[in-house]
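Inside the fold
Each chain is listed here by its residues.
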Amino acid sequence: MRGCGARLVWLLVLSLAWLGPALGGEEEEDGEVVVEEEEKEEGELLSDELEEEDGVLVLHERNFARALSEHRLLLVEFYAPWCGHCQRLAPAFAQAAAALRNESSLARLGKVDATAQAALAAEFGITSYPTLKLFRDGNRTRPLAYTGQMDAKGIVRWMRRRAGPSATLLQDAAAAAAFIGSQDSVVVGFFKDLGGEAAQAFYEVAGEMVDVPFGVAEAAELFQAYGLSADTVCLFKKFDEGRTDFPVDPARGLDTAELTQLLRVHSLELVMEFTNETSDQIFSAKIPHHMLLFLNKSSPAQLTLRDAFRVAAGTFRGKVLFVVVDVTGYGADVLPFFGLTPADAPTLRLVKMENNRKYRMDQDTFSDTAIRTFVQAVLDGKVKPHLMSAEPPEDWDTRPVKVLVGKTFEQVAFDETKNVFVKFYAPWCSHCQAMAAAWEELGERYKDHEDIVIAELDAMANELENITIKGFPTLQYFPAGPGRKMVEYKSARDVETFSKFLENGGTLPEEPPVVPKTPENSTGTEEPSPLGTAESRDEL
């Protein structure tokens, strides 16, 4: 899996409707903004008392310092009342607050309405909603960004890891064996000096990777028991090869980013099955490509295809994540994103995660050799992406709002005699639905203008070669004339502002001029991401 956004990639594009832009908000009276006076009156009534809502501290400028002084660990959500993400996070945040409080922990959760508390928002650099920051030991100058999952369980796990030791000290063979056998995968750092730089870097990694238990060992008998003679980080797992060692380079020490990525990659099964339980692992691994085998698990013949798929996977570990998707099970919901139906199985697709580009492999063979050859060709840039396109409706060009598809987009958008204003949308996106009436009204207003075209394109069913849509709705203006120019519209979504934009040749006073189209400036209103990760945001 901002405008409506979605999970970064192939599955979670389905969640794009969760993300919403911060448009408008201040009410005007006689041309003057009245919000400032309301905030001033509210500020005069605030005190330094700490009040709660659903177990979450309600924080503002007057009581923020007191909250920091009374709680060693304070996780603060900076939110906006209108933010869809914030509204969906609220029950989970309250649930996490209750769980932490029941543990008699020093950790508490608080929230700040960043739209009403402008000084706090400015002090802590809040530019998107929700933003979560952890304040420790009363220090307000260096808060720690929250990096866990955006659900109650993830918040509690993340806070527990910071409230206690990030790694369990294993003092003897019995303790080590029990720890290693306690989970499907655990990480143990073997260090001859727990106060050394390598061990400290290990503790830092352990503090971030809250979904995996971390242990640490210093005893000589444990080095001997596990066949080690030097500092080593070991990943123990109950699948694949069972154990993967990462020796500490005596000269370089431990690089925290490198170790984190290695552990994330190798803690995944070589071939993942896409399920509700594994989806977060798949998307948090940050592996740049996903190779997908769509099959029907009820078919014995199709199940045998997993063997060659697994053999091919070993060649690309860390570069390409191999995933099996059951078209009749949990994976059925992602099929529309690929333009597939269950009847298309078995079939193979590779997805480039940075832009959701999809590549289709010929279905003549499913051998490991053929799969390896195809994947390498994509990595080498020798395969063109497979672009989906719906069929144009018969009346697509007779409606006030022209209905574009992949096949017709080029001829309409880049018609040098027309100024074309296009809405890229997803049918399920609530933000798209909210502005649908305004877009239809805009189409009616300009239906008789020969040089202005109002159009829309379902970006879930249609893909374009040089334009990547990463948020919904995305509004792009293609001015008449040569040069294939394009400018993204980012202002208020009402008919009058749309009209002003069109009448001024595709600009508003506060917006930059039209720029030549490039892949860099052809994105959507926000990078799509899931509510289940710390990247889910509504922009200011």
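The following refers to the structure shown. Each chain has its residues counted from 1, following the order in which its sequence is written. In view of the model being predicted, local features appear only for residues whose pLDDT reaches at least 70, and side-chain atom pairs are presented and counted only at 80 or more, with totals across whole chains, interfaces and linings using the full set of residues. Note: side-chain values were computed over all heavy atoms of the structure, leaving out hydrogens and water.

1. Describing the overall build of the protein chain
- The numbering of helices and of strands both runs from the N terminus, where a helix is a DSSP run of H or I of at least 4 residues and a strand a run of E of at least 2. A tally of helices and strands in the protein chain yields 16 helices and 26 strands.
- Residue exposure (1.4 Å probe, protein chains only): buried if accessible area is under 20% of the type maximum, exposed if over 50%, otherwise partly exposed. Every one of the 540 residues in the protein chain was classed for burial, and the buried ones make up 51%.
- Reported accessibility uses the Shrake-Rupley method at a 1.4 Å probe radius. Residues are deemed covered only where the shown protein chains occlude them. With an accessible surface of roughly 24,900 Å², the protein chain has 48% of that area assigned to carbon and sulfur atoms.

2. A short note on the environment of Cys83
- Note that Cys83 resides in the loop between β5 (73-79) and α3 (84-102).
- Using a relative accessible area of 0% as the deciding quantity, one classes Cys83 as buried.
- Counting along the chain gives 46 residues from Cys83 to Tyr129, while the straight-line C-alpha distance between them is 6.8 Å.

3. What to know about helix α12 (residues 305-313)
- Of the positions making up α12, those classed as buried are Leu305, Ala308, Phe309, Ala312 and Ala313. One side of α12 carries all its buried residues, which in axial view fall inside an arc of 145°.
- By definition in these notes, contact holds between two residues if any of their heavy atoms fall within 4.5 Å. Residues of α12 that are buried make contact with β15 (271-273), β16 (289-295), α11 (300-303), β17 (320-326), β18 (347-352) and α13 (368-379). Directions are taken from the helix axis to each C-beta atom, and the arc is the one they span.

4. Focus on the nonpolar core
- In terms of nonpolar packing, the biggest core is built from 47 residues, with Phe294, Phe409 and Phe478 touching the most fellow members.
- Residue contributions to this core peak at four residues, all from strand β21 (residues 419-425).
- Here Phe294 is in contact with Val325, Val327, Val334, Leu335, Phe338, Leu340, Ala345, Pro346, Thr347 and Arg349, once residues within four sequence places are set aside.
- In this text, buried Ala, Val, Leu, Ile, Met, Phe, Trp, Tyr and Cys residues form a nonpolar core when linked through side-chain atoms within 4.5 Å. Core analysis: the next-biggest nonpolar cluster, separate from the first, contains 23 residues, Ala312, Val320, Phe322 and Val375 among them.

5. Section: the pairing of β21
- With seven of seven residues buried, β21 lies mostly within the body of the structure.
- The alternating pattern of β21 places Asn419, Phe421, Lys423 and Tyr425 on one face and Val420, Val422 and Phe424 on the opposite face, and all of these are buried.
- Where β21 and strand β22 (residues 452-458) come together, seven bridges link them in parallel fashion. Counterpart to Val422 in the pairing with β22 is Ala455.
- Since β21 and β22 lie parallel, the crossover through helix α15 (residues 430-446) that links them has a hand, and here it is right-handed.
- Here five bridges tie β21 to strand β23 (residues 474-478), and the two strands are oriented antiparallel to one another. Bridge pairing in β23 places Lys423 opposite Leu475. Strand pairing is assigned whenever DSSP identifies at least 2 bridges connecting the two strands. The handedness of a crossover follows from its direction of travel: if, with the strands pointing away from the viewer, the path from the first strand over the helix to the second runs clockwise, the crossover is right-handed.

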